[in-house]
Amino acid sequence: MVEAVLIDLFSLPANLQNNIQGLLHNTLETIEKCSSIHAPCVYVMCCQRQGSERKDEQEFLFPTLSGFQSLNRRLEVICAQTTSAALYTIKQRLDEKDLSIIKIILPTMRKDLMKIYVDHLFTAVYQFEFEDLQVVSDRKSLQISETQHEGQTLPSQDVALIQSEIQMYLESLPSLKGELTILRSSLIPDDVFLHGFTTRTGGISYIPTLSSCNLFSSSKRRDPQVVVKENLRRLANAAGFNPEAFHRVKIDHANAVCIMGKTEPANYDGIVTNQKGVTLAAPGADCIPVLFADPVRRACGAAHSGWKGTLLGVSMATVNAMVSEYGCNMKDILVVLGPSVGPCCYKLPRESAKEFHRIDPKCVRLFDSANPYIDIRRATRILLERGGILPENIQDDSITDQNQNITFCTACHPDKFYSHFRDGTNFGTQIGFISIKD
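Anyway, here's the lowdown on the structure attached to this text. Computed from a prediction, not measured in an experiment: that's the story for all the values here. (Residues numbered from 1 in each chain as written. Predicted model: local features only at pLDDT ≥ 70, side-chain atom pairs only at ≥ 80, totals over all residues. Heavy atoms only, no water.)

## Points about the sheet that holds strand S18 (residues 430–436)
- Strand order in the open sheet formed by five strands is S6-S7-S18-S11-S8, and the pairing between neighbours is mixed. A single partner strand is all that each edge strand has here, and the edge strands are strand S6 (182–183) and strand S8 (246–248).
- Both S8 and strand S11 (residues 279–284) contribute to a ladder of three bridges, which runs parallel. Looking across to S11, one finds that His247 is bridged to Leu280. (Pairing = 2+ DSSP bridges. Helix = DSSP H or I, 4+ residues; strand = E, 2+ residues; numbered from the N terminus.)

## Let's talk about the pattern of salt bridges
- Scanning all chains against the criterion turns up 22 salt bridges.
- We note a salt bridge from Glu171 to Arg233, for which the minimum N-O separation is 3.6 Å. Residue Glu171 is found in helix H6 (residues 156–172), and its partner Arg233 is found in helix H7 (residues 225–239); the two are separated by 62 residues along the sequence.
- The exposure class of Arg233 is partly exposed, given its relative accessible area of 26%.
- For Glu355, the salt bridge is made with Arg358, and the minimal N-O distance between the two is 2.4 Å. Of this pair, Glu355 and Arg358 both sit in helix H10 (residues 350–359), separated by three residues, roughly a single helical turn.
- On the basis of relative accessible area, Arg358 is assigned to the exposed category, the value being 58%.
- Taken together, the shared-partner salt bridges in this structure form one network comprising Lys91, Asp95, Asp98 and Arg222. (Salt bridge = Lys/Arg side-chain N within 4 Å of Asp/Glu carboxyl O. Buried < 20%, exposed > 50% of the residue type's maximum accessible area, 1.4 Å probe, protein only.)

## Here's the deal with H10
- Regarding H10, the residues found buried are Ser352, Ala353, Phe356 and Ile359. Down the axis of H10, the buried side of the element spans an arc of 100 degrees, and every buried residue falls inside it. Summarising the geometry of H10, the exposed residues directed more than 90 degrees from the buried face are Glu351 and Arg358.
- Of the surrounding elements, those touching the buried residues of H10 are helix H8 (307–312), strand S15 (364–365), strand S16 (373–374) and helix H11 (376–387). (Arc of directions from axis to C-beta. Contact = heavy atoms within 4.5 Å.)

## Observations concerning the nonpolar core
- One finds Leu87, Ile104, Met114 and Leu170 to be the most contacted residues of the largest nonpolar core, which totals 40 residues.
- Considering each element in turn, this core owes the most residues, six residues, to helix H4 (residues 83–96).
- Once residues within four sequence positions are removed from consideration, Met114 is found in contact with Asp8, Met45, Thr83, Leu87, Ile104, Leu106 and Phe130. (Core = buried A, V, L, I, M, F, W, Y, C linked by side-chain atoms within 4.5 Å.)

## Observations concerning the sheet that holds strand S1 (residues 4–8)
- Spatial strand order, S3-S2-S1-S4-S5: five strands in an open sheet with parallel pairing. Taken across any chain shown, the strands that pair with only one partner, and hence form the sheet edges, are strand S3 (75–80) and strand S5 (127–132). Averaged over all adjacent pairs, the angle separating strand axes in this sheet is 20 degrees, with direction ignored.
- Here S1 runs beside strand S4 (residues 101–106); their pairing, made up of four bridges, is parallel. By the bridge assignment, Ala4 is partnered in S4 with Ile102.
- Sheet contacts for helix H5 (residues 111–121): S1, strand S2 (41–47), S4 and S5; angle to S5, the most-contacted strand, approximately 165 degrees. (Axes fitted to C-alpha atoms, helices over the stretch in contact; angles between N-to-C directions.)

Here's what the structure looks like:
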């Protein structure tokens, strides 16, 4: 069943502009007749001309809208100067109500164009059906049948213009939840490396569990790639790196490592380089973003270490890649563990906990319970020290000075960090990043 209907009146053909009220009346009448039991939310999207007030647009449409009492509480007019602004506002309304199945009724000439906007501003969480505005019939069913998502037919220059319009609109949006904040380690020398760990503030992501500086997009979440890209642009500006030379690990929860400049694996949780100006990044939303720096050989790395990757030794695999590829000496490599879920909050089934108990019994709390508490940070430190990293060259939650500590528990600080453990499947993601300065 369609959960929301979007009526696109943004750019009507000239022959239809004089009959906008009649078109809208017929369309709303059809929706009302076919949705008497489960009325969908209805959004009417129209253009707000330069210098015109939004209320003038609404007053123009009011005589038509006021006659549909059953839809009244679920009907809203969205006026904006661009399609991007109008559609993004409607997306916010849909997300507030957790709606995902949408019918778009629009002029035929707008269909291919609208599909490009939808592809960029929405993810696979949403399902769309398109219907021509001129051919809405009295008994047209609003049951969604097959999601239509044909390949784009617009010229590439038109697609580029749409992308530019979307980017400009997103860049104009204010930052949410305060200024962008970057945590930095005193262990990594800032005359050689640019690095940091992000928090959740200073971006434009508005969904509560993703707000505001979410830095990862997937088909299962409601934050589209264009929003994540804008958050990354703001981070790059604040941190001073080039977002076009940014490389994030491709998570597999294993121990493969990518060597920059060589054939890239399909998936990997560690990445290393000795190239200047290339920024490496590892995400984390409970899993540990781990940064590696060798100021002597001027090489660096990043790794994503969840419980599986920790047991598989992804951190030492990253260290070993730096040693074998760039001639790094183990005693020169500095390792910093970023914000991640602490042993105060993180539980695993007892069978998995046994693996951590084998590393060190102190890595497990309440071992005899069905779901013991696990310290993946301690396990990471122990494996690094056993591999040859000097204890004083590892920074983690063992730092007692709160001014120096950056390995906060993500689950314990909802105002600062994202947490999959705390927030569920539609969670946001922070990152650790590092690059060698020019």
